[in-house]
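One-letter residues, chain by chain:
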Amino acid sequence: MNPIQRGVLALCMMTAGGAFAADAVSLTIDTGKPGAVINKDVYGQFAEHLGTGIYEGLWVGPKSKIPNTKGWRNDVVGALKDIHVPLVRWPGGCFADEYHWRDGIGAREKRPVKVNTNWGGVDESNAVGTHEFFDLVEMLGADAYVNGNLGTGSAQEMSEWVEYMTSDSKSTLANMRRKNGHDKPFKVAYFAVGNEAWGCGGNMSPQYYSDLYKQVETFLRAPKQYRPKIIASGGNDNDVTWSEVLSKELKKQTDGISFHYYTIPTGKWEVKGASTGFQENEWISTLSNTLRMETHIQKNSAAMDKNDPEKKLGLLVDEWGTWYDVEKGTNPGFLFQQNTLRDAVVAALNFNIFHAHADRVRMTNIAQMVNVLQSMIITDKDKMLLTPTYYAYQMYVPFQGATSLPVSLKDNPDYSAGGFKVPEISASAARGADGKLYVALVNTNPNKAADVALNIPGQSIKSVKGNLLTASAMDTHNTFQSPNAIKPVAFSAAAGADGKLTVKVPAKAVIVVAVE
Ligand code: AHR
């Protein structure tokens, strides 16, 4: 624990308990009206063949001096296991629509080398293919989300990939999988038909995509117990037409519709904003932009409600996170960026939104797992470091598979700066699979602590215990020189003699606690 973290902890320990402060934000948790279960897959990850996200960051090959298991780095896999990664989406992204699965099976030295035209024009060795990917998810204890190639592929290619992965028959493809080392079918939890069909996936209209999807889905055959959920690739940002059209056209042939939304500090793709060294105006613009996720989910869900009022289809946010200008001196096609306290706050705000919409949002994948965009882990040769976003995921583990509970905030002031305003406190609550009540609190204000008075009708509160993540500066981040500049510390607070409990949430902080 660094001195700042110790100081913050001491402050919290000293002032957290006791009677309600006069100007406290009031948080009421209605334990009597449980909502939907928060699908564990809401905490999914995305690993694309992009930059050093897979090669170097995760995969070093079995002959590397960097300790590995079947080519996957032991340090990185170990750290990812600690945040209980439930699901990994692979191989892209834009890359998926140029990926041909046959390039990635059989003897590695004989696999064709291709050009990764989307991401930096670098050589793609195909060293990581289907079997290697399943080695990874098996080591992580995660499920697999495989993204099919609609852009440059075909119904036949996707149908054969699904057969190769899932068939238990004696077919030539199933036997080829056995010959390549995997006797039993792979468990594919989700299979997506294309990616961003409105853009890098082929610049299609939703109607044209729907027709192609129907054709492809018809031929995706798998034994019942191995059949993946089939996902339609949907829209992004403000555009709800994809959710409207796909939920109407594909209702009977899909399990869910994907949606992408990235948080850009300036809101402009040309000059996005820096990952570090930013001023308060870009702190708040980033948080304000990320909170748009709520409206996007509401609008897409409402569009889907028209055709699917029973909410049979999931809205799957299978790409989200911060997207900054790349770090100076790095390959612009590699999308490498630093990760600060601001990213952890962004992650926590999104988790709270996803929990509130758990009835429709059944899976999300942050972009991306290692070394790319808002990553969990940054590597440099044999070294790795954990980012603030990693710690946000770690703190929220109890929410995986928990039952969401309605929360309401009263007297929650806006924090305003630079022409933006956002609510000061964001909160979420759920009943964990272990029966405990978990509460998450985020203070968006970088200048002022906030008192949050807990009110849980019908339940007495003795104390809360958990973890706190904060730091002295808005852009505090870990580096290889200072890998522990920011990490969570233990946090607890006790009720006062009147049985009431107020949590003092430090400025720019995330807290997750269990209520006792
Ligand atoms: O995550 C990076 C890229 O962003 C993905 O490949 C693509 O789907 C999206 O545009």
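In what follows, the structure referred to is the one given above.
To keep things clear, this report deals only with the structure shown in the data block. It should be emphasised that the depicted structure is a prediction, and the values quoted were computed from it without experimental measurement.

A few words now on the pattern of salt bridges. If you walk through the whole model with that rule in mind, you get 25 salt bridges. Ionic pairing is found between E160 and R102, a salt bridge with its closest N-O pair at 3.0 Å. One end of the pair, E160, is in helix α4 (residues 155-166); the other, R102, is in the loop between β5 (87-90) and β6 (114-116), and 58 residues separate them in sequence. The class for R102 is partly exposed, based on a relative accessible area of 39%. One network of salt bridges, in which partners are shared, links K40, D41, D143 and K187.

So, about the side chain of T364. Secondary-structure assignment places T364 in strand β13 (residues 363-367). Within the structure, the side chain of T364 is placed 3.0 Å from the side chain of W320, a separation counted as a polar contact. In this structure, T364 is in contact with D41, V42, Y43, G44, Q45, V317, W320 and F354, ignoring residues within four places of it in sequence.

Core analysis: the largest hydrophobic core is formed by 122 residues, its most contacted members being L80, Y209 and Y396. With 10 residues, helix α10 (residues 341-356) is the largest single contributor of residues to this core. Dropping the residues within four chain positions of it, Y396 is found in contact with Y43, A348, F351, N352, H355, A440, V442, V510 and V512. L405, V464, A493 and V515 belong to the second largest nonpolar core, which has 27 residues in total.

Turning our attention to the packing of helix α2 (residues 74-82) against helix α3 (residues 130-140). In contact at an axis separation of 9 Å, α2 and α3 are set at 50 degrees when each is read in the N-to-C sense. Relative to α3, the element α2 lies oblique. Note on element contacts: α3 touches α2 through L136, M139 and L140, opposite V77, L80 and K81. A per-class count over the contact of α2 with α3 returns 5 nonpolar, no polar and 1 charged.

Quick look at the environment of I353 now. Within the secondary structure layout, I353 lies in helix α10. Between the C-alpha atoms of I353 and S426, which are 73 residues apart in sequence, the distance is 9.0 Å. Every residue in contact with I353, bar those within four places of it in the chain, is listed here: T290, L291, M293, E294 and I297.

In the vicinity of the ligand there are 13 residues, among which E48, C94, E196, Y262 and E319 approach most closely. Taking E319, its side chain carries an N or O atom lying 2.7 Å from an oxygen atom of the ligand. The protein chains hide 94% of the 280 Å² of surface that the ligand would expose on its own. Residue classes in the shell around the ligand are distributed as 7 nonpolar, 3 polar and 3 charged.

Analysis parameters
Residues numbered from 1 in each chain as written. Predicted model: local features only at pLDDT ≥ 70, side-chain atom pairs only at ≥ 80, totals over all residues. Heavy atoms only, no water. Salt bridge = Lys/Arg side-chain N within 4 Å of Asp/Glu carboxyl O. Helix = DSSP H or I, 4+ residues; strand = E, 2+ residues; numbered from the N terminus. Buried < 20%, exposed > 50% of the residue type's maximum accessible area, 1.4 Å probe, protein only. Polar contact = N/O pair within 3.5 Å; in protein donor to acceptor, adjacent residues only side chain to side chain. Contact = heavy atoms within 4.5 Å. Core = buried A, V, L, I, M, F, W, Y, C linked by side-chain atoms within 4.5 Å. Axes fitted to C-alpha atoms, helices over the stretch in contact; angles between N-to-C directions. Parallel < 35°, antiparallel > 145°, perpendicular 65-115°, else oblique. Nonpolar A, V, L, I, M, F, W, Y, C, P; charged D, E, K, R; others polar. Near = heavy atom within 4 Å. Areas by Shrake-Rupley, 256 points an atom, 1.4 Å probe, with all protein chains shown as cover.

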